[in-house]
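What follows is each chain in one-letter form.
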Amino acid sequence: MRILVMTKPVPDPAANAERLGPDLRLDRAASPSVVNGNDEYGLEAALQLVERLGGEVAILTMAPAAGVETMRKALAMGAMRGVLVADDALAGADIPTTIRVLAAAAATQEFDLLLGGLDTSDGAGGAVTAGVAARLGLPLLSAAALIEPDEAGRTVRVRRLSAKGYDVLQAPMPAVISCTQVLGTPRYPSLKGIMAARSRQITTLSVADLGGDLLPGGGQWPSRVLGVQPPPSRAAGRTITAAPADAAREIADFLAERRLI
Amino acid sequence: MPPTLLVIGEVADGHLTKLSAEIATLAAGLAGSSGGTALGLIVDAAPDGAAAELAAYLPRVVSVASAAAADEVWAPHAAAEARRLLDEGVTHVLAGVTNDGRDVAGLLCGALGWGVLANAAGATWEGERLVVEAVVLAGKAITRSTVDAPSAIVTVTPGAADAVGSGAPGRVESREPAGSPVVPAARVLERVAEAGAEASLEEANVVVVGGRGVGGPEGFELVDELAGLLGGVTGASRAAVDAGWIPYARQIGQTGKVVRPALYLSLGVSGAMQHRAGMQGSQNVIAINRDPDAPVAEIADLFVVGDLFAVGPALSAEIRARRGG
Ligand SMILES: Cc1cc2nc3c(=O)[nH]c(=O)nc-3n(C[C@H](O)[C@H](O)[C@H](O)COP(=O)(O)OP(=O)(O)OC[C@H]3O[C@@H](n4cnc5c(N)ncnc54)[C@H](O)[C@@H]3O)c2cc1C
Ligand SMILES: Cc1cc2nc3c(=O)[nH]c(=O)nc-3n(C[C@H](O)[C@H](O)[C@H](O)COP(=O)(O)OP(=O)(O)OC[C@H]3O[C@@H](n4cnc5c(N)ncnc54)[C@H](O)[C@@H]3O)c2cc1C
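Residues numbered from 1 in each chain as written. Chains lettered and ligands numbered in written order. Predicted model: local features only at pLDDT ≥ 70, side-chain atom pairs only at ≥ 80, totals over all residues. Heavy atoms only, no water.

Caption draft 1: Region of interest: the confidence of the model for chain A. Summing up the model confidence of chain A, the mean pLDDT is 96 and the portion of residues at 70 or higher is 100%. The lowest-confidence element of chain A is strand β12 (residues 223-229) of chain A, averaging 94 in pLDDT; the highest-confidence one is strand β1 (residues 2-6) of chain A, averaging 99. (pLDDT = per-residue confidence, 0-100. Helix = DSSP H or I, 4+ residues; strand = E, 2+ residues; numbered from the N terminus.)

Here it is in structure tokens:
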């Protein structure tokens, strides 16, 4: 099994300090950077598959050069090598550009499965993994809760989260899969993993290395943020600290007033 | 040239989803205010019912009876039909922020290279530019953004508009499917519904939510009981889902479902930003939590400090008593 996982560095949600800077772009200095949650779930699933079936897990990132720091965290979990597309021309890249660049970079690699996240915790567009599948002309198995490849049959089965539960999908490999939290908790890197990650190879590519016309607008994105404001604050509510039976009466009164019971 | 907005309709159990109706209303309004037009697309094995429902909002609906949609994934087929309509001058494609809607948006973006305005909570014209408002970074900020190009793909969140019919039903045009999906479509071998799946969280008027504080799967019996009494549906925080107490389909929040009920009642939920992202459009919020400093206090209309295992049953008894007498 050769699995390539697209991993995006995002501000650590645990720091709860994500914000846009004065240039209306993500302020990357405001929070430590981590691998996007959904990408980590995909990476964990990939590592478990390769532990069972043999093969290789590699990661693919598009980020500024400092992105290697975050990639080391994924390598410490067990990914064997990384590909980083870093290019000043990509600063502030929008969704279609990200799709073009990641698809072109993925096309330089050999893989049976290409994994991405369902969405990210920063941009949260949820369009990139599907877009990459379209560029590569590969089947898309989205919102994965379980991934089961059949190497002999050259097919993969995925449980796809649906509104009511899940659908069982099957497609030939190579295929593109978008990953969710339901795949399971990612491992913590072991000390050995952290040591090993230092010597694992990260190949850095520029846009020119990828060839083709990836920046048709010459690095000017038509998608632009015009302004940003804080969310409206909700009017302060009432706090009840009464004993349970009294509290219950107050809740019921509130519900009755608003015709909810 | 005036814009032409295409609404990608979604179907659940043979009916148009509430979100699709909202998006259609938004699109009809945008068409009206720009001298443009709006049309809808339904791709389904049996599209007629939903197509007629969508036509209540839009002057024209293209209805594609796609046998393949029954046993293959939907998005590559829907994206192919949408692409076919682009020849008719479509400038903006609007899809819902659902797994299917985002798949269509992503597939079309990859295929066409159009810009994407993600997670629109509202949209207006500023001159010829479509400007959308989006709640970003787990609710920490609201952005206004645009695409400086004649065409764009827009994904729309629940509540961007209230669904209001146009008063004059539109024309439904039936079509044969285009044939080839935009990417090879995966086969659907089986569709599995989990317990409690009949009740749609997104469409519920009352949502009762259990968090880590309910302590285990048994704790959801109390949540279910209150939901039953209030005519509502049970939801959960991610902590409860990750613990395996309740299926993911019940999760509310940034990575779960977005609900906008008349009443949101939570038990043992702390109110993290990522959870709020899925419920802040609720009209009335009641939270029961034993920690007086829980962040959920900031968004609750009624914040009850107490043990959910005492207040919950007392509330249940109180409601029963009022109904009985
Ligand atoms: C608050 C905010 C709002 C934004 N809104 C928009 C918008 O409306 N339109 C727009 O065009 N751009 C927008 N952007 C920019 C957008 O985030 C970037 O274009 C980004 O490169 C990809 O989008 P995403 O984070 O939404 O990815 P998603 O589509 O949510 O990502 C899905 C998966 O694709 C893979 N992936 C995505 N980016 C990378 C990467 N750089 N390296 C490796 N893998 C990756 C990951 O596996 C990820 O889980 C926004 C950014 C921010 C911070
Ligand atoms: C990228 C990302 C996406 C996320 N997406 C989501 C999402 O979609 N939805 C979501 O919910 N979360 C999401 N989260 C997780 C979120 O940050 C919180 O961790 C989660 O919401 C916490 O769930 P909780 O409130 O049930 O648990 P906790 O935060 O542990 O809160 C439990 C609460 O229960 C109270 N309590 C305990 N016992 C009792 C009792 N007997 N009586 C009364 N009160 C009691 C406690 O005081 C506490 O306030 C996401 C996180 C990340 C990083």
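Caption draft 2: Examining the nonpolar core more closely. Among the nonpolar cores identified, the biggest contains 62 residues, and Leu 60 of chain A together with Leu 6, Ile 8, Leu 41 and Leu 107 of chain B are the most heavily contacted of them. The contact partners of Ile 8 of chain B, leaving out residues within four places of it in the chain, are Ser 20, Leu 41, Trp 74, Ala 82, Val 93, Leu 94, Ala 95 and Val 104 of chain B. Listed in part, the 42 residues of the second largest apolar core include Ala 45, Val 57 and Ile 59 of chain A together with Val 188 of chain B. (Core = buried A, V, L, I, M, F, W, Y, C linked by side-chain atoms within 4.5 Å. Buried < 20%, exposed > 50% of the residue type's maximum accessible area, 1.4 Å probe, protein only. Contact = heavy atoms within 4.5 Å.)

Caption draft 3: Region of interest: the site of ligand 2. Around ligand 2 there are 27 residues in total, and Arg 212, Ser 237, Ile 252, Thr 255 and Ser 270 of chain B lie nearest to it. More than one chain reaches ligand 2: its neighbouring residues belong to chains A and B. The backbone of Gly 256 of chain B places a nitrogen or oxygen atom 3.4 Å from an oxygen atom of ligand 2. Note that a nitrogen atom of ligand 2 is positioned 2.9 Å from one of the backbone N or O atoms of Leu 308 of chain B. Isolated, ligand 2 exposes 980 Å² of accessible area, and the fraction of that covered by the protein chains is 81%. Mapped by element, the contributors of at least two residues to the shell around ligand 2 are α7 (238-242), α8 (273-276) and α9 (308-324) of chain B. Of the residues in the shell around ligand 2, the class split is seven nonpolar, 15 polar and five charged. (Near = heavy atom within 4 Å. Polar contact = N/O pair within 3.5 Å; in protein donor to acceptor, adjacent residues only side chain to side chain. Areas by Shrake-Rupley, 256 points an atom, 1.4 Å probe, with all protein chains shown as cover. Nonpolar A, V, L, I, M, F, W, Y, C, P; charged D, E, K, R; others polar.)

Caption draft 4: Looking closely at the packing of helix α3 (residues 95-107) of chain A against helix α4 (residues 128-136) of chain A. Residues and elements named next belong to chain A. Taken N-terminus to C-terminus, the directions of α3 and α4 make an angle of 55°; their axes are 9 Å apart at the nearest point. When the interaxial angle is binned, α3 and α4 end up oblique. Relative to α4, α3 is oriented so that their crossing is right-handed. Here α3 contributes Ile 95, Thr 98, Ile 99, Arg 100, Leu 102, Ala 103, Ala 106 and Ala 107 to the contact with α4, which in turn contributes Val 128, Gly 131, Val 132, Arg 135 and Leu 136. Here the contact of α3 with α4 is composed, by residue class, of nine nonpolar, two polar and two charged. (Axes fitted to C-alpha atoms, helices over the stretch in contact; angles between N-to-C directions. Parallel < 35°, antiparallel > 145°, perpendicular 65-115°, else oblique. Left-handed = near helix turned anticlockwise from the far one by under 90°.)

Caption draft 5: The arrangement of the state of the cysteines in detail. Inspection of the entire model under this criterion finds zero disulfides over all chains. Residue Cys 179 of chain A stays outside any disulfide, its sulfur separated by 20 Å from that of Cys 109 of chain B, the closest cysteine. Residue Cys 179 of chain A is classed as buried on the basis of its relative accessible area, which comes to 0%. (Disulfide = S-S within 2.5 Å.)

Caption draft 6: Highlighting the interface of chain B and chain A. Between chain B and chain A, the contact holds 81 residues from the first and 81 residues from the second. Ranking the residues of chain B by area buried against chain A places Arg 102, Leu 137 and Leu 302 of chain B at the top, with a combined share of 10%. Linking chain B to chain A there are nine salt bridges. Its salt-bridge partner being Asp 253 of chain A, residue Arg 322 of chain B comes within 2.8 Å of it at the nearest N-O pair. (Buried area = accessible area lost by both parts, 1.4 Å probe. Salt bridge = Lys/Arg side-chain N within 4 Å of Asp/Glu carboxyl O.)

Caption draft 7: Fine view of a nonpolar patch on the surface. On the surface, Leu 191, Ile 194 and Met 195 of chain A cluster together into a nonpolar patch covering about 310 Å² of accessible area. Looking at where Ile 194 of chain A falls in the secondary structure, it is placed in helix α5 (residues 191-199). (Patch = residues over 30% accessible without salt bridge, like charges linked within 9 Å, V, L, I, M, F, W, Y side chains within 5 Å.)

Caption draft 8: Summary view of the domain arrangement of chain B. All names here are of chain B. Domain assignment breaks chain B into domain 1 (4-175) and domain 2 (206-322). With six residues of domain 1 at the contact, the number on the domain 2 side is six residues. With both sides pooled, the region where domain 1 packs onto domain 2 buries about 520 Å², and carbon together with sulfur makes up 63% of that total. One can count zero salt bridges joining domain 1 with domain 2. Viewed at the interface, domain 2 and domain 1 are joined by zero residue pairs in polar contact (both at pLDDT 80 or more). A class-by-class count of the residues in the side of domain 1 that touches domain 2 yields three nonpolar, two polar and one charged. (Domains from an automatic or database assignment.)

Caption draft 9: The environment of Pro 13 of chain A, seen in detail. Counting through the fold element by element, Pro 13 of chain A comes out in the loop between β2 (9-11) and β3 (33-35). With sequence-adjacent residues up to four places away left out, Pro 13 of chain A is seen in contact with Glu 18, Val 34 and Ser 121 of chain A together with Gln 274 of chain B.

Caption draft 10: Layout of the site of ligand 1. Around ligand 1 sit 31 residues in total, of which Lys 8, Asp 39, Thr 120 and Gly 125 of chain A together with Val 116 of chain B are the nearest. Chain contributions to the surroundings of ligand 1 come from chains A and B. In this structure, Asp 39 of chain A approaches ligand 1 through a side-chain N or O atom, which is 2.5 Å from an oxygen atom. At 2.8 Å, a side-chain N or O of Thr 98 of chain A approaches an oxygen atom of ligand 1. If ligand 1 stood free it would expose 920 Å²; the protein chains cover 90% of that surface. Among the secondary structure elements, those contributing two or more residues to the shell around ligand 1 are β4 (56-62), α3, β6 (113-117) and α4 of chain A together with β7 (115-126) of chain B. When the residues that make up the shell around ligand 1 are grouped by side-chain class, the tally is 14 nonpolar, 12 polar and five charged.

Caption draft 11: Expanded view of the sheet that holds β1 of chain A. Spatially, β11(A)-β5(A)-β4(A)-β1(A)-β6(A)-β10(A)-β7(A)-β8(A)-β9(A)-β12(B) is the arrangement adopted by the 10 strands of the open sheet, whose pairing is mixed. The open sheet has two edge strands with one neighbour each: β11 (202-205) of chain A together with β12 (187-193) of chain B. Taken over all neighbouring pairs, the strand axes of this sheet differ in orientation by 25° on average, direction set aside. Looking at chain direction, strand β8 (residues 155-161) of chain A and strand β9 (residues 165-172) of chain A are connected through seven bridges and run antiparallel. Residue pairing in the sheet places Arg 157 of chain A in a bridge with Gln 170 of chain A of β9 of chain A. Together, β1, β4, β6, β7 (140-150) and β10 (175-179) of chain A form the strand contacts of helix α1 (residues 37-53) of chain A, whose direction differs from that of β1 of chain A by roughly 170°. Seen against the sheet, helix α2 (residues 67-77) of chain A touches β4, β5 (81-85) and β11 of chain A and runs at an angle of roughly 155° to β5 of chain A. (Pairing = 2+ DSSP bridges.)

Caption draft 12: Structural detail: the pattern of salt bridges. For the structure on display, the rule yields 32 salt bridges over all chains. Several salt bridges converge on common partners, so that one network encompasses Arg 224 of chain A together with Glu 126, Arg 129, Arg 144 and Asp 148 of chain B.

Caption draft 13: Structural view of the packing of α3 of chain A against helix α5 (residues 99-112) of chain B. As a packed pair, α3 of chain A and α5 of chain B sit with axes 9 Å apart at the nearest point and diverge in direction by 70°. In this view, α3 of chain A runs roughly perpendicular relative to α5 of chain B, as classed from their interaxial angle. Where α3 of chain A approaches α5 of chain B, its residues Ile 95, Pro 96 and Ile 99 of chain A are matched on the opposing element by Gly 106, Cys 109 and Gly 110 of chain B. A class-by-class count of the residues in the contact of α3 of chain A with α5 of chain B yields four nonpolar, two polar and no charged.

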